[in-house]
Amino acid sequence: MEPVRTTRHGAVRGKLVADDVAAFLGIPFAAPPFGEARFRAPGPAASWDGVRDAFTPGPSVPRAPYAPPFDVLIPDEGPQGADCLNLNIWTPHPTPGGGLPVMVWIHGGAFANGSGSASAYDGSAFARDGVVYVSINYRLGADGFLRLPDRPDNRGLLDQIAALEWVRDNIEAFGGDPGQVTVFGESAGAMSIGALLSMPRARGLFRRAILQSGAAHHFLRPASAELITGRLAEKLGIGATAEEFAEVPLEELLPAQAELRGEVGDRPDPALWGEAALNMMPFEPVLDALPLPSADCGVDILVGTNREEYRLFLVPTQRLDVLPAAKLREATAAYGLDPDKALPVYAERRPDAVPGELFDAVTTDWFYRIPALRLAEAVPGSYVYEFARRSPALDGRLGACHASELAYVFDRLDDPAYTPIIGEEPPQALADAMHGAWVAFAKTGEPGWAPYDRETRTTRVFDTLPGIEADPRGEERALWEGVR
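Residues numbered from 1 in each chain as written. Predicted model: local features only at pLDDT ≥ 70, side-chain atom pairs only at ≥ 80, totals over all residues. Heavy atoms only, no water.

J.: I'm lost on the pairing of strand 3 (residues 15-18) in this one. Help?
T.: The side chains of a regular strand alternate, residue by residue, between the two faces of the sheet. Alignment of strand 3 against strand 4 (residues 21-28), held across three bridges, turns out to be antiparallel. Pairing of L16 across the sheet is with A22, part of strand 4. Hairpin connection between strand 3 and strand 4: a loop of two residues separates the two successive antiparallel strands, and D20 in this loop has a positive phi of roughly 65°. (Pairing = 2+ DSSP bridges. Helix = DSSP H or I, 4+ residues; strand = E, 2+ residues; numbered from the N terminus.)

Written out as structure tokens, the structure is:
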């Protein structure tokens with residue numbers, strides 16, 4: 001029999017998707033953010049009479065597709081539409097009072113792409129293992145993060161908070177415990193969590209956090225965000241106001257957003273883009289500062305990165321082998337390191353590396369690994385992991401790149417959406433280990449290895465044979481002391 005549960009806005013009918021697992025899909029947690037609500041904080045969802053069918057994933061915010069070749073490497077499918085502030089639930093206990101831990105997924109996509117409704121983020125495996133899993137959609141690009149006069153900043157983050165408030169108020173009806181919420185995300189999703197950790201309005205909405213390939217690091221100060229707004233308005237031939245942006249048809253706005261992202265990457269000039277020139281993302285949280293959480297933040301943290309994150313952006317674009325040494329030195333200096341001191345340290349572990357491979361190592365550290373370690377150091381008792389399984393895709397050159405851990409976390413090695421990035425015959429034992437650690441952390445606050453501290457720097461390495469390492473690449477970590 002199809003299960004029916006009652007939320008504060010009305011009753012929803014889900015569907016059984018496996019033995020003892022039910023899914024309730026496309027449930028609105030806020031009002032559609034278009035029309036009079038465009039570029040404003042999320043408003044309350046409308047209530048409904050009767051029983052609402054929740055059989056299909058809800059639409060995500062309209063967005064331009066990834067540019068080739070990333071359009072086939074990174075999951076981004078699913079419906080799009082105005083009613084985009086919705087969430088999907090998979091639960092093994094679709095009756096009230098189950099008291100099960102809850103995991104809320106915030107997808108990545110450089111704050112401009114991605115969808116919580118993609119098949120890649122199906123939560124069946126988490127529900128199978130005793131967790132109530134929720135994936136959410138939130139506003140992206142200009143709708144979510146463009147700075148506009150007389151409109152709230154960070155509307156995408158406000159959407160995430162609204163979704164977490166919905167979970168707090170309703171998840172018990174689906175068998176979940178609102179006091180046992182773990183929020184987890186990858187890339188921009190993890191960076192979002194890094195911001196949520198410092199936002200007073202988010203306090204108390206989650207007890208644990210898992211940050212994959214992102215931490216409390218990337219944001220735009222208001223002056224830089226205003227440069228982005230002005231450039232996008234100039235590209236569209238309009239004034240930089242919410243009213244004029246709202247008049248631009250989506251079929252014009254979305255391609256302009258995509259072009260802007262390409263321009264930031266092609267011409268990373270701080271005079272044009274401010275901090276976005278270094279981050280290479282024009283849409284990010286807009287903040288005066290992004291402090292690390294304090295030791296008493298009250299949130300258990302599991303944080304980590306992939307060993308060769310930036311190869312995703314170098315190998316498919318055929319830049320790895322042709323990147324000039326001058327570009328490597330320029331980037332190293334821009335990140336705050338002395339190239340003459342730092343590059344020999346990186347080259348010592350990679351004696352045959354071409355400049356592009358050293359660029360991957362330095363950029364992976366600056367963009368992903370060092371922020372993750374600083375977050376772990378800021379909150380004693382945090383856990384650290386590194387994903388090191390090298391993908392056989394693209395003749396084995398992708399390595400342990402950005403996003404290649406996702407299929408293992410979700411235990412969805414057979415989902416064809418992941419095949420282009422993880423390759424053929426991925427090891428199920430690795431998925432068992434990584435997915436199992438995530439579930440254990442959500443249930444107990446302990447993933448199965450010792451916490452990280454500045455002396456031991458204990459790190460769980462997920463490879464074909466998972467293991468524990470003490471202070472991996474400590475000599476490279478030491479280079480970044482004092483660099484912000």
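There is more to say after this.
J.: I'm lost on the pattern of salt bridges in this one. Help?
T.: Side chains that differ in charge, positive against negative, can pair when their charged atoms come close. This model, assessed by the stated rule, comprises 35 salt bridges. What you see here is one network of salt bridges that share partners, running through R307, R349, R350, E386, R473, E475 and E476. (Salt bridge = Lys/Arg side-chain N within 4 Å of Asp/Glu carboxyl O.)

J.: I tried to follow empty space enclosed by the protein on my own but got confused; where do I start?
T.: Once rolled over the atoms, a probe with the size of a water molecule shows which space is left empty. Summed over the entire model, instances satisfying the criterion amount to four cavities of 30 Å³ or more. One number sums up the size of the largest cavity: a volume of about 110 Å³. Elements supplying a minimum of two residues to the lining of the largest cavity: strand 11 (300-306), helix 13 (355-378) and strand 12 (383-387). Every residue along the wall of the second largest cavity is listed here: R63, A64, P65, A112, N113, L254, Q257, A258 and R261. Considering only residue class, the lining of the second largest cavity consists of five nonpolar, two polar and two charged. (1 Å grid on protein atoms, 1.4 Å probe; cavity = no way out; pocket = protein on both sides within 12 Å on 5 of 7 lines; lining within 4 Å. Points joined across faces, edges and corners; volume = space filled by probe spheres on them. Nonpolar A, V, L, I, M, F, W, Y, C, P; charged D, E, K, R; others polar.)

J.: What should I look at first to understand the packing of helix 11 (residues 325-334) against helix 12 (residues 339-349) in this one?
T.: At their nearest, the axes of helix 11 and helix 12 sit 10 Å apart, and the two run at 110° to each other. When the interaxial angle is binned, helix 11 and helix 12 end up roughly perpendicular. Between helix 11 and helix 12 lies a crossing whose hand is right-handed. Between helix 11 and helix 12, the residues in contact are L328, R329, T332 and A333 and P339, D340, A342 and L343, respectively. (Axes fitted to C-alpha atoms, helices over the stretch in contact; angles between N-to-C directions. Parallel < 35°, antiparallel > 145°, perpendicular 65-115°, else oblique. Left-handed = near helix turned anticlockwise from the far one by under 90°. Contact = heavy atoms within 4.5 Å.)

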